[in-house]
Structure formats: structure tokens, C-alpha cells
Amino acid sequence: ASGTPANGARRRAAWAGCPPQGGRGLPPAESLAGFKNVARTLDELNVRNGLPHLGLNPDAFHLVTGQALAADFGLAVWFWLPSGQALAEFNPRYAAPELGANAISRFCDPYSLALIFQEMLTGVHPLGAGGKPTARAYSQPDLSPLESGDRVVLARALDRTVSRRFNSCMGRIAASHGSGG
């Protein structure tokens, strides 16, 4: 199945093995183009259903006929949340910090998308190896592998103060286009 951990590891390995100008990860223009369709879809589903995805990770992204698509919408709310566990426990590397307390908002998906974007762009997760979601809630992301314009955008997207983040996935993408990234 395309959502298996092995496929997610292969995607991360492919990002790390696809160097832009001697670096790691995918070139910024290619990364943004892939994320644009996903961001638009996530925002539309959030508006239509009143719920964010909340489970974004590299395994939820699929490339179909040249378009990046997001899978598994609704799993977090319909299956994980009713279990009584914190949503961050089901997706510890990519969950917004507030999901450790099941604080759901439109700010969660742009946060997760920013983590995935940096990992795709640089081959390095901004919060390192991850760890427990509660410990990560106070971790400062390492944005040093990024170009300066991307650093500014992702610093906002990964801000620990929810209201300072982008309130939509497309807002994050648009800000990257404006930074030249």
C-alpha cells in the first residue's frame, strides 16, 4: 500500500537524494509546485467540512499523473480523536504542538505542511529526530538549512504561538512565492 512506512521512508530518502545546487532535498520551485495543489485542497476541505486534516505527514502525499495529492483526510477526527488519545501521539513528527492537548484549529495543517516542506526541501526535519510531541511543543525549529527568504516564511509557519501562524495552507504557499522561494 502507498501509505506504508517503507514508502514514506523511500519518499524521504528520495528527497535527500535529489540535491539542488549541491544541497539535499528537492529544488524550491518543484517543492512549491507540488505543495500548491495539496494546500488548495486542504484549505477547501477545511472550509467545506469545518475540519482540518490534522494527520499530515509524507505518507499522506501521493503523486498521481504529475499532481501531488493528500490522502487520509478525516482519519484524525473520525478515528483518532474518539480514541481519547492526543492527536499528536498518532503523528508525532508532523503534528502541531497544540495537538498534544487536542486543541484543533485551522492553524494546525499549515504547521504540519511547513515541517514537511522543509524536510522535502532540505532533507532535514526542522525539529530534528522528533521525539515526544509534548517535548517538541517547546522546541525551536532549526531553519538554518534554508535560504533566508524561506527561513522567514517557515519561522512564521512554525511559530509556537498559534495566532502568529498562517491561517491557511495557501497563505503559507503564497508567502513562499513572495519570498522568491
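Here, the structure is the one placed above.
Residues numbered from 1 in each chain as written. Predicted model: local features only at pLDDT ≥ 70, side-chain atom pairs only at ≥ 80, totals over all residues. Heavy atoms only, no water.

A closer look at the overall build of the protein
Along the protein, the regular secondary structure elements total seven helices and two strands. The proportion of buried residues among the 181 residues of the protein is 45%. A fraction of 59% describes how many contacts in the protein between residues 6 or more apart in sequence connect residues 24 or more apart. Entry remark: accessible area of the protein is about 8500 Å², with carbon and sulfur atoms responsible for 56%. (Helix = DSSP H or I, 4+ residues; strand = E, 2+ residues; numbered from the N terminus. Buried < 20%, exposed > 50% of the residue type's maximum accessible area, 1.4 Å probe, protein only. Contact = heavy atoms within 4.5 Å. Areas by Shrake-Rupley, 256 points an atom, 1.4 Å probe, with all protein chains shown as cover.)

A closer look at unusual backbone geometry
Phi is positive for Asp72, close to 70 degrees, though the residue is something other than glycine. By secondary structure assignment, the location of Asp72 is in the loop between strand S2 (67-70) and helix H3 (75-80).

Considering helix H4 (residues 108-122)
Helix length check: H4 (15 residues) gives 22 Å between terminal C-alpha atoms against 21 Å at 1.5 Å per residue, within 8%. Judged by how many residues are buried, H4 sits mostly within the fold: 15 of 15 residues are covered. Count one or two residues on from H4 and you reach Gly123, which has phi positive near 80 degrees. (Expected span 1.5 Å × (residues − 1).)

Concerning helix H6 (residues 148-157)
Residues of H6 that are buried: Asp150, Val153, Leu154 and Ala157. Each buried residue of H6 sits inside an arc of 90 degrees when the element is viewed along its axis, so together they form one side. Summarising the geometry of H6, the exposed residues directed more than 90 degrees from the buried face are Ser148 and Val152. (Arc of directions from axis to C-beta.)

Remarks on the side chain of Asp159
Relative to the helices and strands, Asp159 resides in the loop between H6 and helix H7 (169-178). The residues touching Asp159, leaving out its near neighbours within four places in the chain, are Arg164 and Arg165.

Remarks on the pattern of salt bridges
Evaluation of the coordinates by the stated rule reveals four salt bridges. Put simply, Glu44 and Arg48 hold a salt bridge, and the shortest N to O gap is 2.9 Å. Separated by four residues within a single helix, Glu44 and Arg48 lie in helix H2 (residues 28-49), roughly one turn from each other. Since its relative accessible area comes to 38%, Glu44 is described here as partly exposed. (Salt bridge = Lys/Arg side-chain N within 4 Å of Asp/Glu carboxyl O.)

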